[in-house]
Amino acid sequence: MHISMHASTSRRGYIIKDYTPSDTIVEYRGMVQFKHGFVQSVATMSKDIQRRISQMYDLPEGILESVPFSATWLEKVQEIDDFVLKSKLETIKMYSESVTKVDARIHDTVKGCKDAQLLLSIPGMCEYCALTIVAGIGDVEKFKDSGKLCSYFGVVPLAVPSKNAGNQVAATRDGINIWNLSIKKATHEHIKCAPESSITAHYRNVLERKASSVAVVAASSKMLRVIFWMLKEKRKFATNYNQDNSELAEK
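Residues numbered from 1 in each chain as written. Predicted model: local features only at pLDDT ≥ 70, side-chain atom pairs only at ≥ 80, totals over all residues. Heavy atoms only, no water.

Chemist: An account of the overall build of the protein chain is requested, with residue identities and associated values reported.
Modeler: From N to C terminus, the protein chain includes 11 helices and 0 strands. Start at the N end of the protein chain and walk to the C end: the helices and strands fall as α-α-α-α-α-α-α-α-α-α-α. The burial tally for the protein chain puts 46% of its 251 residues in the buried class. Carbon and sulfur atoms make up 51% of the accessible area of the protein chain, which totals about 13,400 Å². (Helix = DSSP H or I, 4+ residues; strand = E, 2+ residues; numbered from the N terminus. Buried < 20%, exposed > 50% of the residue type's maximum accessible area, 1.4 Å probe, protein only. Areas by Shrake-Rupley, 256 points an atom, 1.4 Å probe, with all protein chains shown as cover.)

Chemist: Outline helix 4 (residues 83-111), listing residues and values.
Modeler: Under the 1.5 Å per step criterion, the end-to-end length of helix 4 is 43 Å for 29 residues, consistent within 8% with the ideal 42 Å. Residues Leu85, Leu89, Ile92, Ser98, Val99, Val102, Ile106, Thr109 and Val110 constitute the buried set of helix 4. Next to the buried residues of helix 4 lie helix 2 (23-54), helix 3 (71-77), helix 5 (114-119) and helix 6 (127-137). (Expected span 1.5 Å × (residues − 1). Contact = heavy atoms within 4.5 Å.)

Chemist: Residues and numbers for the packing of aromatic side chains, please.
Modeler: Throughout the structure, instances matching the rule amount to 6 aromatic pairs. Seen in terms of ring centroids, phenylalanine 38 and tyrosine 95 are 4.9 Å apart; in terms of plane orientation they differ by 70°. Their pairing is edge-to-face. Separated by 57 residues along the polypeptide, phenylalanine 38 in helix 2 and tyrosine 95 in helix 4 bring together distant segments of the chain. Here a set of aromatic residues connected by ring pairs shows up, and it is made of Phe34, Phe38 and Tyr95. Across from the ring centre of tyrosine 128, 4.6 Å away, lies the NZ or CZ of lysine 35, which sits over that ring. (Phe/Tyr/Trp six-rings, centres within 6.5 Å; stacked < 30°, edge-to-face > 60°. Lys NZ or Arg CZ within 6 Å of the ring centre and 35° of its normal.)

Chemist: Can you tell me about the packing of helix 4 against helix 6, naming the residues and giving the values?
Modeler: Close contact between helix 4 and helix 6 brings their axes to 10 Å; oriented N to C, the two are set at 65°. Every pair of crossing elements has a handedness; the one defined by helix 4 and helix 6 is left-handed. Contacts between helix 4 and helix 6 involve Ile106, His107, Thr109 and Val110 from the first element and Glu127, Tyr128 and Leu131 from the second. Of the residues assigned to the contact of helix 4 with helix 6, the class counts are 4 nonpolar, 2 polar and 1 charged. (Axes fitted to C-alpha atoms, helices over the stretch in contact; angles between N-to-C directions. Left-handed = near helix turned anticlockwise from the far one by under 90°. Nonpolar A, V, L, I, M, F, W, Y, C, P; charged D, E, K, R; others polar.)

Chemist: Which residues make up the pattern of salt bridges, and what values go with them?
Modeler: Considering all chains together, one arrives at 9 salt bridges under this definition. Here arginine 105 and glutamate 27 are joined by a salt bridge, their closest N and O atoms 2.8 Å apart. A residue pair is termed long-range when its members are at least 10 positions apart, and arginine 105 in helix 4 and glutamate 27 in helix 2 qualify at 78 residues. Arginine 235 is paired through a salt bridge with glutamate 233; the nearest N and O atoms lie 3.1 Å apart. (Salt bridge = Lys/Arg side-chain N within 4 Å of Asp/Glu carboxyl O.)

Chemist: Give me helix 9 (residues 198-207): which residues, what numbers.
Modeler: Buried residues of helix 9: Ser198, Ile199, Thr200, Tyr203 and Val206, and no others. The elements touched by buried residues of helix 9 are helix 8 (178-193) and helix 10 (212-233). N-capping of helix 9 is provided by serine 197, with a side-chain oxygen placed 3.0 Å from the backbone N of isoleucine 199. (Polar contact = N/O pair within 3.5 Å; in protein donor to acceptor, adjacent residues only side chain to side chain.)

Chemist: Describe in detail the environment of valine 110, supporting the description with residues and values.
Modeler: Within the secondary structure, valine 110 is located in helix 4. Overall, valine 110 belongs to the buried group, its relative accessible area being 0%. Expressed as a C-alpha distance, the spacing of valine 110 and valine 134, which sit 24 residues apart in the sequence, is 10.0 Å. If sequence neighbours within four positions are ignored, valine 110 has contacts with Ala116, Gln117, Leu120, Glu127 and Leu131.

Chemist: So what's going on with the packing of helix 2 against helix 4? Residues and values would help.
Modeler: Interhelical geometry of helix 2 versus helix 4 gives an angle of 155° and a closest axis separation of 9 Å. Compared by their axis directions, helix 2 and helix 4 come out roughly antiparallel. Where helix 2 crosses over helix 4, the two elements pack in a sense that is left-handed. For the contact of helix 2 with helix 4, the residue count by class is 17 nonpolar, 5 polar and 7 charged. (Parallel < 35°, antiparallel > 145°, perpendicular 65-115°, else oblique.)

Chemist: Give a description of the state of the cysteines that names residues and reports values.
Modeler: If you walk through the whole model with that rule in mind, you get 0 disulfides. Take cysteine 126: it sits in no disulfide, and the sulfur closest to it among the cysteines is that of cysteine 129, at 3.5 Å. (Disulfide = S-S within 2.5 Å.)

Chemist: Please provide a residue-by-residue account of the side chain of serine 182, values included.
Modeler: Within the secondary structure, serine 182 sits in helix 8. You can call serine 182 buried: its relative accessible area is 2%. For serine 182, the residues in contact, after removing those within four places along its chain, are Cys129, Thr132, Ile133 and Phe153.

The analysis is restricted to geometry; functional conclusions fall outside its scope.
Written as structure tokens, this is what we have:
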């Protein structure tokens, strides 16, 4: 995240003015952004490869029926005499090896990060998302309240049509970014593995009236408010955390 973005978010009231992330936070951000870039590149290249194969003639028998990038699929792809195709596969292999290395670095980093360890107490939270969220927040004291943090991450539910209405609109105030993606990913996983959580209950309540994309944003906003207080109070996650804090319960 660049200094210009800090200036912008400060002007918009998300964070306290003149906030500069520590060297540690800058290191965290570089690490997670490095992985994010590689993962995005691999996803794009994988789609390019599958598109190229679907347009070819004289393909090895059964390749279109094989699971993409499975051992069987890769074996059949090697039979195709196409330089571009094989070059892209080699690049994906190299990128995947880099992701494995940065995952190991993230694992070691999270072990020594108290805030990330707190976030790992949230069911469904992975090490990458924990470190990404910590990196995005920086110093939680720089946010005036939990609502400002939600705005900063771009998970503020807006007025949208009902679930059965026609055109659905996006339910975030700001564009997609790595912080936004990480909190949504963590929320998705939390909903799947923590059915009794107040966050999951909130998701289900919103889902009765709105589209799933809107419900995820609402649940992500609730999770981020919980994270705000977890980091401020240095407490691990509790299923009914929102009942333990008056401000959170009001939201």
